[in-house]
Amino acid sequence: MPKFAVMEQNTPRQKKVLIVGAGGFIGGFIAEESLRRGYETWVAVRETTSRRYLTDSRLHFVVLDYDNDKALADGLSRALPEGDRWDYIVYNLGATKCVNFADFNRINYLYLCDFVEALRNKSLLPEKFLYMSSLSALGPGDEKGYEPLSSTSIPQPNTRYGVSKIKAETFLQTCPDVPWIIFRPTGVYGPHEKDYLMMIESIDRHFDFGIGFRKQMLTFVYVEDLVGAIFDALQSDKTLKNKYIISEPRAYSQKEFRRIVSKLLGGRWVVPVRLPLWVVYAASVAAERWGTLKGNPSTLNRDKFKIMKQRNWNCDVSDAVADFGFTCRFALEEGLRETVRAYKEQKNKGKDL
């Protein structure tokens, strides 16, 4: 047998990754990291999905219709040659705000059910299936002793968003044939993310708005640390059928966040404004109704109010550290440095954040 033929047999097959919900802020970073690690990278998008962050020519696109079961299954089966499948699927599809709260259930729960059923019907279940949930699936933590939320915390979601996420998690846990891994990230920030950029913009304008007067501890994870954790977990042999909180392993006060951002903006003077809970709730109701009238989901709404009201976001990430060596390369100041840099670039170009 020719020598080159032996070498070809010994060359490992390039693994295939499908990223579902790839068009958003986190999805673009997942695709970038997948390519960096040498995977054959596929990105699932809707026909109308923006491809602003999916410009690399090496990406393979799969256009899916999540509202049509048959079209969804056919779209998945047509993407690959018969008998082939994706080794890993990262399911990042979801809605964080909706005009109609019922859409949380439809998008975050029912779409997942239909997607898994399509994989079953077309014999496309992967080696591992990582589902991106949220820390909101656990609901409020201990707001007296401020004990960290952990993998043993009993879920008590108090938002429609959180309920839809815990329903999706529960569904996966009832599927013995699905090789699931569940991530529950805390607040994810970085370039292109909207909510934290709005906070940075407010501080840039010399105001920092806080809610309530009781102590609040906040946690964060920089987007590159999150996407690195995704692939570390997929490559580990200890992660199947486990749930992981993903966060920088320390909490910050809003004062610390404000101080860091002010410093990175060149020493901005900032007026901290504390708003009573009832004022923010009234504003949330008004903003939500105005968004409904316009047909656009409002960033400020009753669900968001409950999330902002939560006092304890402390996290225990020891399981992730033990099972796949999770570590944060970006402490909050380092991550915010990159985020503020991107904010300044967009501001100087006069572009939308």
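Higher on the page you've got the structure.
Residues numbered from 1 in each chain as written. Predicted model: local features only at pLDDT ≥ 70, side-chain atom pairs only at ≥ 80, totals over all residues. Heavy atoms only, no water.

Engineer: Help me understand the overall build of the protein, please; the structure alone is not making it clear to me.
Structural biologist: Looking only at helices and strands, the protein features 12 helices and 11 strands. The C-alpha radius of gyration of the protein comes to 21 Å, within 12% of the 20 Å expected for a compact globule of 353 residues. In terms of overall dimensions, the protein has a C-alpha envelope of 75 × 45 × 40 Å along the principal axes. Relative to its 353 residues, the protein shows a buried fraction of 51%. (Helix = DSSP H or I, 4+ residues; strand = E, 2+ residues; numbered from the N terminus. Rg over C-alpha atoms; globule rule 2.2 N^0.38 Å. Buried < 20%, exposed > 50% of the residue type's maximum accessible area, 1.4 Å probe, protein only.)

Engineer: When you look at the pattern of salt bridges in this model, what are you seeing that I'm missing?
Structural biologist: Any two side chains of opposite charge can pair, on the condition that their charged atoms come close. Throughout the structure, instances matching the rule amount to 27 salt bridges. Between lysine 347 and aspartate 204 there is a salt bridge; the shortest N-O distance is 2.7 Å. Taken as a pair, lysine 347 in helix α12 (residues 332–349) and aspartate 204 in helix α6 (residues 194–204) lie far apart in primary sequence, 143 residues in all. With a shortest N-O distance of 3.2 Å, glutamate 338 and arginine 341 are connected by a salt bridge. (Salt bridge = Lys/Arg side-chain N within 4 Å of Asp/Glu carboxyl O.)

Engineer: What am I meant to see in the nonpolar core here?
Structural biologist: Generally speaking, nonpolar side chains in soluble globular proteins are found buried as a group. Of all hydrophobic cores here, the largest spans 63 residues; its most connected members are Phe183, Ile230, Ile246, Phe324 and Leu336. Among the elements that take part in this core, helix α7 (residues 223–235) stands out by supplying eight residues, more than any other. Beyond its immediate sequence surroundings of up to four residues, leucine 336 is in contact with Tyr189, Ile200, Phe257, Ile260, Val261 and Leu264. (Core = buried A, V, L, I, M, F, W, Y, C linked by side-chain atoms within 4.5 Å. Contact = heavy atoms within 4.5 Å.)

Engineer: Sorry, what's going on with the sheet that holds strand β4 (residues 88–91) here?
Structural biologist: The seven strands lie next to each other as β3-β2-β1-β4-β5-β6-β10, forming an open sheet whose pairing is parallel. Lying at the two open borders of the sheet, with one neighbouring strand each, are β3 (60–63) and β10 (243–246). Between one strand and the next, the sheet's axes are offset by a mean angle of 20 degrees, whatever the strand orientation. With four bridges joining them, strand β1 (residues 16–20) and β4 adopt parallel strand pairing. Bridge assignment links valine 20 to a residue of β4, and that residue is tyrosine 91. (Pairing = 2+ DSSP bridges. Axes fitted to C-alpha atoms, helices over the stretch in contact; angles between N-to-C directions.)

Engineer: Just to check I follow, could you spell out the packing of helix α3 (residues 69–79) against helix α4 (residues 102–121) for this structure?
Structural biologist: A pair of packed helices is captured by two measures, namely the crossing angle of their axes and the spacing between those axes. Direction vectors running N to C along α3 and α4 enclose 50 degrees, while the axes themselves pass 9 Å from each other. With respect to α4, the axis of α3 lies oblique. Pair α3 / α4 crosses with right-handed handedness. Taken together, the residues of α4 that come into contact with α3 (itself represented by Asp69, Leu72, Ala73 and Leu76) are Asp114, Phe115, Ala118 and Leu119. (Parallel < 35°, antiparallel > 145°, perpendicular 65-115°, else oblique. Left-handed = near helix turned anticlockwise from the far one by under 90°.)

Engineer: Even after reading the chapter, I still don't get the pairing of strand β2 (residues 40–45), so can you show me in this structure?
Structural biologist: Regular strands show a simple pattern: their side chains alternate between the two faces of the sheet. β2 sits mainly inside the fold: six of its six residues count as buried. Burial along β2 is two-sided: the face carrying Glu40, Trp42 and Ala44 and the face carrying Thr41, Val43 and Val45 are both buried. Direction of pairing for β1 relative to β2: parallel, over a ladder of five bridges. Residue lysine 16 lies in a different strand from β2, and its bridge partner there is glutamate 40. In this sheet, β3 lies alongside β2 in parallel orientation, the contact comprising four bridges. Residue tryptophan 42 lies in a different strand from β3, and its bridge partner there is histidine 60.

Engineer: What exactly am I supposed to notice about the packing of aromatic side chains here?
Structural biologist: Applying the stated criterion across every chain, the model contains 24 aromatic pairs. Between the aromatic rings of tyrosine 189 and phenylalanine 220, the centroid separation amounts to 6.0 Å while the plane-to-plane angle is 85 degrees, which identifies the pairing as edge-to-face. With a gap of 31 residues between them, tyrosine 189 in strand β7 (residues 187–189) and phenylalanine 220 in strand β9 (residues 220–222) connect regions that are remote in the sequence. The same class applies to tyrosine 189 as to phenylalanine 220, namely buried. Plain terms: the ring middles of tyrosine 281 and phenylalanine 305 are 5.3 Å apart, the flat faces sit at 65 degrees to each other, and that makes the pair edge-to-face. (Phe/Tyr/Trp six-rings, centres within 6.5 Å; stacked < 30°, edge-to-face > 60°.)

Engineer: Help me understand helix α2 (residues 25–36), please; the structure alone is not making it clear to me.
Structural biologist: For an α-helix, the turn length of 3.6 residues means that residues three or four places apart are oriented alike. Given a rise of 1.5 Å per residue, 12 residues ought to cover 16 Å, and the 17 Å separating the end C-alpha atoms of α2 matches this to within 8%. For α2, the full list of buried residues reads Phe25, Ile26, Gly27, Gly28, Phe29, Ile30, Ala31, Glu33, Ser34 and Leu35. On its buried face, α2 sits against β1, β2, β4, β7 and α7. At the exit of α2 stands glycine 38, carrying a positive phi of roughly 90 degrees. (Expected span 1.5 Å × (residues − 1).)

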